[in-house]
Amino acid sequence: MTTNLYPPSPIEVPKKLTALPASYQTRAFLAILSILLFFVLYGALVVALGYLVHWAITYDIGNVNKVTILGKVGAVAGSVMLFFFTLKFIFKLKNHKRENRIKLTKKDYPELWSFILKICNETGAPKPKAIYADPDVNAYVSYTNMWLSLFLPVKKELTIGLGLVSCLNLSEFKAVMSHEFGHFSQRSMKIGSYIISANTIIHDMIFDRDKWDDLLDQWRASDLRLSFAAWIITPIIWLIRQVLNLFYQFLNIMYSSLSREMEFNADKVAISTSGSDAIISGLWKLDSGFEKWNSTINYAYLASQKKLFTENLYTHNNLSLSRIKDAQSALLNALPKDKRGGKTFFTGSEHSKVNMYASHPPNDMRQDNAKIPFVPCESNENSPWLLFGNQEKLQKEMTQLIYQQYVNKKAEKFCSVEEFENFIASENHGKELLNEFGNSFENRFINIPEIDTLEKELDGVDLRASNYEKLKKDLETLMQPVKNIESLMVKAGEIAQGTTKDNSFAFKGKTYKKKTIEEGYGELVTEREKLFSETFIDWDKAFCKFHLALAKKESKYNHLKNLYLQHQELTMFYKKTVGIKNTIYNELAQLQAQEVTENDVRRFGYRVNDLVFSLNEDLDNFEKMTFVKLPNIDEVNDLKEAIIDGGAFKKQSGNIFENGGFNVLLTDVENAIVHCQRLDQKSLSVILDFHKKLHERLN
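Overview of the structure. Just so it is clear, the structure is predicted and the values come from calculations on it, not from any experiment. (Residues numbered from 1 in each chain as written. Predicted model: local features only at pLDDT ≥ 70, side-chain atom pairs only at ≥ 80, totals over all residues. Heavy atoms only, no water.)

So, the layout of surface pockets
Part 1 of the argument: Size it by volume and the second largest pocket reaches roughly 990 Å³.
Part 2 of the argument: Contributing to the lining of the second largest pocket are 28 residues, with Ser 295, Asn 298, Tyr 299, Asn 428 and Lys 431 lying nearest its centre.
Part 3 of the argument: Sorting the residues of the lining of the second largest pocket by element identifies α9 (276–304), α10 (313–323), α14 (417–427), α15 (431–436) and α24 (661–698) as the ones contributing at least two each.
Part 4 of the argument: Take the lining of the second largest pocket: its biggest share by element is 8 residues, from α9. (1 Å grid on protein atoms, 1.4 Å probe; cavity = no way out; pocket = protein on both sides within 12 Å on 5 of 7 lines; lining within 4 Å. Points joined across faces, edges and corners; volume = space filled by probe spheres on them. Helix = DSSP H or I, 4+ residues; strand = E, 2+ residues; numbered from the N terminus.)

Here's what the structure looks like:
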């Protein structure tokens, strides 16, 4: 490995930079105490219920008669049920095997292993037993066996997301890896294992409903002479669950507090090898890397609907990142200087969208932690892909894994890079035009008026450019209250996540705090929908009327009319699909709120099937309209396939609440809604693009 593939380290590192502060040790102590308290309570509960079983079996019933025998049987059965309630999680224990990873051996990836081992030497962290790659924008360290790690000194393994490799330079990559090796050396990682184990036990007992719960339900439904014990233990189970729920919240509060300190300390380890700015600039780049990688995966899925597969998704992801490189560099250069040193990357409490940073402290706090004190270090701008000697082979292998596990499709043959890039370009056709209208069409349906009625009013339309500019300004005015509401929606989200200093927001004379934030958010959504449905109707009519008149003048009226009518059909289908989803959830909630019979459940299953299946009639109606091609949608069958795989919804047979059919139907509806949103934006892009061409012809 050439020396320039290992980025330089800081010339001077302050003494005790990575030493654990008192706050870390205090939080670690409290986390350990809370775990001990839980396991003592849990152990006492198991012992007490075990003794209850022994007592129920051995106690003397005295006079033997029908009542005492039933009492004995009920006591034994009830105590056994309670005892197994505390232990039922054991039957579900298994060491989760991640299926989305590829092992990177020393033989095949010597440069990477050499790089990682140098970091181990520099940080004083133990070497990983294995290194894996997964597809995503992440990196994490884990035990080879979580359950064994509770009792034995189990080794750790490192997983590197290839999406991460694509969006960082070598110095930032080194910083992120050093951060992970900071966790390698933290004894507090074992606390995390105990917390996860405790949460597994508690979650199973509180939230999971399984065969044990089904058995209790069936027992309660039997003859009262046999079920009285089941009715006695039911409130006991409820009480145990309430107590454990308090522990569940307490444990997570304790660990969240410690986790923040662990992240700060791991950042200090990264700073000791790479300087203050590398870990923060890497964090700054991750959100764009995450966005581009998610888009690449989405394109892979959409292209697969047309049986278009690429051999290497990372080629396209890297091309996507290269297209924003200059703009990203300009943004980076424009960042203000930090008086402590380097750049100021974050000015507020922002959380990264990347999974690996979802539970981390806010970005500005991590930045403060990294710059106090500031440690300068030279940066290496090379790509980390240089460490992967067999990078193309690995990328192709990972692409196959992605198609299997993320896209659920098998590639029979591959298209060229150019073909796939053309598909991506077509998918993005006209999106910039949506931005020109302040994203007004992003969260609302455009109200296309009755075309035949509107046709009679076209001759008197003022087609001067000033009239069109007035339309745009009127839209800005209409969007202002919407933007105000959306700003409050963002604020409500930040309050809920704890990423802002504010703890409340006011709307329509009412103040919403953290406890009522969900109610407040619902009010904001309702008000926004009201504005969209009531205040934009006249503007939409004037907008369509102007362009229909323009199209008529340019002898393009029929084409625009067909575009409008097609969009109208898509909107109607979109709204119906959303309506069916809401109907299913509302009726399900009503059923759950009352006592129901097996026949009630069966009838509801039939209704869900019929509701979803009724969408096929609307899909067939697309055949009757005058179809206008959309980007990557060449014919009506493509349109139907873009909404639902196979072009039609399928009924589920049998008891859909037992065989998984209910979840399949709901998933189909949910996916169809997402696909309808894509088609809605695609159709609008085509309409706006046609409008633009009409304006160009007029000028």
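Section: the pattern of salt bridges
Part 1 of the argument: Under the definition given, this model contains 36 salt bridges.
Part 2 of the argument: Among the ionic pairs, Arg 340 bridges to Asp 338, the shortest N-O distance being 2.9 Å.
Part 3 of the argument: On the basis of relative accessibility, which here comes to 31%, the residue Arg 340 falls in the partly exposed class.
Part 4 of the argument: One salt bridge in this structure joins Asp 689 and Lys 693, with 3.4 Å as the shortest N-O distance. Highlighted residues: Asp 689 and Lys 693, both in helix α24, separated by 4 residues, approximately one helical turn. (Salt bridge = Lys/Arg side-chain N within 4 Å of Asp/Glu carboxyl O. Buried < 20%, exposed > 50% of the residue type's maximum accessible area, 1.4 Å probe, protein only.)

Some points on unusual backbone geometry
Negative phi values dominate among residues other than glycine, just as trans dominates among peptide bonds.
Part 1 of the argument: A cis amide bond, omega 0 degrees, links Ile 372 with the succeeding residue Pro 373.
Part 2 of the argument: By the secondary structure assignment, Pro 373 is in the loop between α12 (363–371) and α13 (391–405).
Part 3 of the argument: You will see that Asn 408, though not glycine, has its phi angle at about 60 degrees, which is positive.
Part 4 of the argument: Mapped onto the secondary structure, Asn 408 falls in the loop between α13 and α14.
Part 5 of the argument: You will see that Lys 508, though not glycine, has its phi angle at about 55 degrees, which is positive.
Part 6 of the argument: Relative to the helices and strands, Lys 508 resides in the loop between β5 (504–507) and β6 (510–513).

Examining the nonpolar core
Part 1 of the argument: Ranked by internal contacts, the top residues of the largest apolar core, which has 79 residues, are Phe 441, Ile 584, Phe 622 and Ile 643.
Part 2 of the argument: Examining the composition of this core, we find that 14 residues originate from one element, α24, more than from any other.
Part 3 of the argument: Not counting chain neighbours up to four residues away, the residues in contact with Ile 584 comprise Phe 604, Val 608, Leu 611, Val 612, Phe 662 and Leu 666.
Part 4 of the argument: Listed in part, the 70 residues of the second largest apolar core include Val 141, Cys 167, Leu 286 and Leu 308. (Core = buried A, V, L, I, M, F, W, Y, C linked by side-chain atoms within 4.5 Å. Contact = heavy atoms within 4.5 Å.)

Side note on the packing of helix α2 (residues 66–87) against helix α7 (residues 211–220)
Part 1 of the argument: One way to put it is that α2 packs onto α7 with a least axis distance of 11 Å and a crossing angle of 155 degrees. The angle between the axes of α2 and α7 places the two elements in the roughly antiparallel class. Helix-helix and strand crossings are classified by hand; for α2 and α7 the assignment is left-handed. Contacts from Gly 74, Ala 77, Gly 78, Met 81, Phe 84 and Phe 85 of α2 reach α7 at Trp 212, Leu 215, Leu 216 and Trp 219.
Part 2 of the argument: Across the contact of α2 with α7, the residue classes tally to 8 nonpolar, 2 polar and no charged. (Axes fitted to C-alpha atoms, helices over the stretch in contact; angles between N-to-C directions. Parallel < 35°, antiparallel > 145°, perpendicular 65-115°, else oblique. Left-handed = near helix turned anticlockwise from the far one by under 90°. Nonpolar A, V, L, I, M, F, W, Y, C, P; charged D, E, K, R; others polar.)

Just distances and angles here, no functional claims.
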